[in-house]
Structure formats: structure tokens, C-alpha cells
Amino acid sequence: MNKFLSVLLLSALPVLSFAADHKAGSMPDMHANMPGMEHGMAGMEHEATASASGKAGDPAKVSRTIVMSMNDTMQFTPNNIVVKEDETIRFFIKNTGTMAHEMVIGEMSELKEHAEMMRKMPSMKHASANMVTINAGQSGGIVWQFGKAGVVDFACLAPGHMEAGMTGKVTVE
Ligand SMILES: [Cu+2]
């Protein structure tokens with residue numbers, strides 16, 4: 001019994017030290033450190049289709065820049081934004097966290113579907129006009145033209161983030 005136990009402990013040791021290293025060193029910015037995250041699988045990129053929530057904006061028609069921040073507590077600040085019908089907004093977002101975050105604009109049903117896809121294929125690269133992925137400490141932007149009056153949602157679709165509450169809403173009035 002004793003012999004069995006010591007063998008077990010020995011074999012567990014490298015695993016434990018790896019776990020400790022991992023925690024100390026490479027936990028932050030998991031997106032950037034994961035091979036495949038930046039480039040993804042060829043052919044898996046998907047385009048957002050124009051929806052009721054608006055469309056890619058023309059930078060020449062931007063009427064306002066809204067400065068936002070996102071962080072590891074899974075929050076966007078502000079997370080409640082009011083715009084006018086057909087208004088073109090430039091979102092300028094700073095990621096003050098230690099891991100990559102995203103802002104993806106869309107209707108809640110689309111965002112949930114998309115989040116589900118991201119969970120199933122975490123190495124998938126996605127890029128389109130309605131979203132931006134921002135690494136730790138970096139800034140990025142989206143130029144978006146909203147459509148008719150209503151509510152448009154946005155969320156971070158890094159796996160688990162939306163589920164943890166990383167969402168916000170834009171009221172178009
Ligand atoms: Cu996030």
C-alpha cells in the first residue's frame with residue numbers, strides 16, 4: 001500500500017508543478033498565448049450579415065465617438081448607451097483587463113448563437129464589421145450605423161464571458 005502511494009505521489013508531482021507555473025506565468029491573456037487563437041481554422045471565419053440592428057458604418061459619417069472600457073470583471077463601461085435612429089457611432093474601447101475581450105454588436109438571439117459557436121470552437125477566429133477583439137491593455141474600435149428605433153445588444157463572446165454577464169445594450173430612439 002505504501003509503495004503504491006509513493007509511486008502515485010511521484011507521478012503527480014510534475015503535474016502539480018506544471019499547474020503552479022501555469023498559474024503564475026501564463027494565465028493572463030489566454031487568447032494571445034493560445035496557438036491557433038490568432039489565426040484559427042481556415043474557412044471557419046464567418047461574416048455578420050446586416051441585421052435590424054444596423055450595419056457597418058462609414059467613418060466619414062461618424063457623429064459621435066463613445067469611449068468605453070472593458071475589464072476582467074466582465075463589464076463594459078458604459079453598458080447602457082442611447083443613440084438616435086440611423087446614427088453612426090465610433091466606439092473606442094480600451095481593454096483594461098489582463099485577458100482578451102471582445103465587443104460584438106447584434107441582437108441578443110444572434111449573440112447567444114454566436115457565443116455557443118465560440119464555446120464549441122474556441123480556436124475559431126472571427127472577424128467582421130460588427131465586432132472587435134482587443135488584447136489585454138490594448139484599444140480598438142468599431143464604426144457602426146444603427147438602424148430603426150429599438151434595442152440592440154452587445155457582448156463579449158470570448159468563451160464564458162457573455163454567460164458571466166459581459167453584455168450591454170444600445171437603445172436606438
Ligand atoms: Cu470578455
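Cut-offs and rules
Residues numbered from 1 in each chain as written. Predicted model: local features only at pLDDT ≥ 70, side-chain atom pairs only at ≥ 80, totals over all residues. Heavy atoms only, no water. Core = buried A, V, L, I, M, F, W, Y, C linked by side-chain atoms within 4.5 Å. Buried < 20%, exposed > 50% of the residue type's maximum accessible area, 1.4 Å probe, protein only. Helix = DSSP H or I, 4+ residues; strand = E, 2+ residues; numbered from the N terminus. Salt bridge = Lys/Arg side-chain N within 4 Å of Asp/Glu carboxyl O. Donors = N, O, S within 2.8 Å, 3.2 Å for Na, K, Ca; no water. Tetrahedral: all angles 85-135°; square planar, octahedral: opposite > 155°, others 65-115°. Expected span 1.5 Å × (residues − 1). Arc of directions from axis to C-beta. Contact = heavy atoms within 4.5 Å. pLDDT = per-residue confidence, 0-100. Pairing = 2+ DSSP bridges. Axes fitted to C-alpha atoms, helices over the stretch in contact; angles between N-to-C directions. Phe/Tyr/Trp six-rings, centres within 6.5 Å; stacked < 30°, edge-to-face > 60°.

**Student:** Requested: an account of the nonpolar core, with residues and values cited.
**Tutor:** Core analysis: the largest hydrophobic core is formed by 24 residues, its most contacted members being M68, F91, M103, I105 and F146. Listed by contribution, the elements that provide at least two residues to this core are β2 (64–71), β4 (80–83), β5 (88–95), β6 (101–106), β7 (131–134), β8 (139–145), β9 (150–155) and β10 (167–172).

**Student:** Could you give an account of the pattern of salt bridges, naming the residues involved and the relevant values?
**Tutor:** Applying the stated criterion across every chain yields a total of 4 salt bridges. One salt bridge connects E116 with R119, and the closest N-O pair in it is separated by 2.2 Å. Taken together, the positions of E116 and R119, both in helix α3 (residues 108–120) and 3 residues apart, correspond to about one turn of that helix. Note on R119: relative accessible area 38%, which makes it partly exposed. A single network of salt bridges, built from pairs that share partners, joins E116, R119, K120 and E163.

**Student:** If you had to explain the coordination of the copper ion to someone new, which residues and values would you point to?
**Tutor:** Bound to the copper ion are the protein donor atoms H101 (ND1), C156 (SG), H161 (ND1) and M166 (SD), situated 2.0 to 2.7 Å from the metal. Every donor counted, the 4 donor atoms about the copper ion form angles of 92 to 136° at the centre, which fits irregular coordination. Positions of the donor residues of the copper ion along the chain correspond to the pattern H-x54-C-x4-H-x4-M. Highlighted residues: C156 in the loop between β9 and β10 and M166 in the loop between β9 and β10, separated in sequence by 10 residues. Like M166, C156 is buried.

**Student:** So what's going on with α3? Which residues, and what values?
**Tutor:** Between the first and last C-alpha of α3 there are 18 Å, a value that for 13 residues agrees with the 18 Å anticipated at 1.5 Å per step. Burial in α3 covers these residues: L111, H114, A115 and M118. Seen from one end, α3 has its buried residues packed into an arc of 105°, which puts them on one side. Those residues of α3 that are exposed and angled more than 90 degrees off the buried face are S109, K112, E113 and K120. In this structure, the buried side of α3 is in contact with β6 and β9.

**Student:** An account of the confidence of the model for the protein is needed here, citing residue identities and associated values.
**Tutor:** Of the residues in the protein, 70% have a pLDDT of 70 or more, and the chain-wide mean is 78. Predicted confidence is poor over residues 1–50, with pLDDT under 50, and the contacts of this stretch with residues over four places away or in other chains come to 41 contacts.

**Student:** Before we move on, could you go through the sheet that holds β6 and cite the residues and values that matter?
**Tutor:** Read from one edge of the open sheet, 5 strands run β4-β10-β9-β6-β7, paired in mixed fashion. Each end of this open sheet is capped by a strand with a single partner; those strands are β4 and β7. Looking at each pair of strands side by side, their axes are set apart by 20° on average, direction ignored.

**Student:** Describe the packing of aromatic side chains, naming the residues involved and giving the relevant values.
**Tutor:** By the definition in use, this model includes 2 aromatic pairs. Judged by centre distance (5.0 Å) and plane angle (80°), the ring pair of F76 and F154 falls under edge-to-face. Residue F76 is located in strand β3 (residues 75–77), and its partner F154 is located in strand β9; the two are separated by 78 residues in the primary sequence. For the pair shown, F76 and F154 are each scored as buried. Ring geometry for F91 and F146: centres 6.1 Å apart, planes at 80°, overall edge-to-face. One end of the pair, F91, is in strand β5; the other, F146, is in the loop between β8 and β9, and 55 residues separate them in sequence.

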